[in-house]
Amino acid sequence: DIQMTQSPTSLSASVGDRVTITCRASQSISRYLNWYQQKPGEAPKVLIYTASSLQFGVPFRFTGSGSGTDFTLTISGLQPEDFATYYCQQTYETPVTFGGGTKVEIK
Amino acid sequence: EVQLVQSGAEMKKPGESLKISCQGSGYSFTNYWIAWVRQVPGRQGLEWMGVISPADSNTIYSPSFQGRVTLSVDKSINTAYLQWGSLQASDTAIYFCARSYTSASHIDLWGRGVLVTVSS
């Protein structure tokens, strides 16, 4: 299985901050990397697919980049509704695997 | 409305069997795969269990779940199922069904999740 490692596991940030979350794959996954946001009590929601494509309806402050083994999710200008847990997911091959998650908390 | 509607919360004893469901509506059910994702309450993390094609019942399991669960589908009623033959306490979790265009593509639609509690 491809292992996905996210960092940090958690972070504290203020409204308006720029936040970067990284995800590393144990082998090259080309650009088959997706990002999800999950709020407590809710199902995850896709933000970015194939590394940098913004899902319809997702604010432009969310951007994704990377290819191969290293990827980043950047939130430019953190908003109150962005405090949540973020997961990366590889869909290069089955079994599909997720990163361990990054919890973004209010500072 | 495009949605996946999951069955209700379950409370079971160790050793019991269980089958939970996920009904799709508002879209062509056989054009997408249905994946199942586990999340243990209070723990950060999502686990992909496997995926099934409603069109032909082609199924791919994660090795971590192979042999422990069974995925099935009844396309006549747009419903996918996840079942256990013998539950264990470690199966206590929230189970999401989710839609993806292929067996390995991003998930664009999720059910609300079903809490399964296994306790004696």
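Conventions we followed
Residues numbered from 1 in each chain as written. Chains lettered and ligands numbered in written order. Predicted model: local features only at pLDDT ≥ 70, side-chain atom pairs only at ≥ 80, totals over all residues. Heavy atoms only, no water. Pairing = 2+ DSSP bridges. Helix = DSSP H or I, 4+ residues; strand = E, 2+ residues; numbered from the N terminus. Contact = heavy atoms within 4.5 Å. Buried area = accessible area lost by both parts, 1.4 Å probe. Polar contact = N/O pair within 3.5 Å; in protein donor to acceptor, adjacent residues only side chain to side chain.

Caption draft 1: Region of the structure containing the pairing of strand E8 (residues 70-76) of chain A. All names here are of chain A. Sheet topology note: the strand E3 (residues 18-25)/E8 ladder contains seven bridges and is antiparallel. Residue Thr-22 lies in a different strand from E8, and its bridge partner there is Thr-72. For strand E7 (residues 62-67) and E8, the ladder comprises six bridges, and the chain directions are antiparallel. The residue bridging Gly-66 from the neighbouring strand is Phe-71, located in E8. If you look at the hairpin formed by E7 and E8, you'll find two residues sitting between the two strands, and Gly-68 has a positive phi there, around 80°.

Caption draft 2: Expanded view of the interface of chain A and chain B. Listed per partner, the contact involves 24 residues of chain A and 19 residues of chain B. Counting the surface lost from both chain A and chain B, the interface buries some 1,600 Å², and carbon and sulfur atoms represent 63% of this. The largest per-residue losses of area from chain A upon contact with chain B belong to Pro44(A), Thr94(A) and Phe98(A), which jointly make up 29% of the total buried on that side. Across the contact surface, chain A and chain B share seven residue pairs in polar contact (both at pLDDT 80 or more). Counting residues per element, the ones that place at least two in the side of chain A that touches chain B are strand E4 (33-38), strand E5 (45-49), strand E9 (85-90) and strand E11 (102-106) of chain A.

Interpretation note: all reported values are geometric properties and have no functional meaning in isolation.
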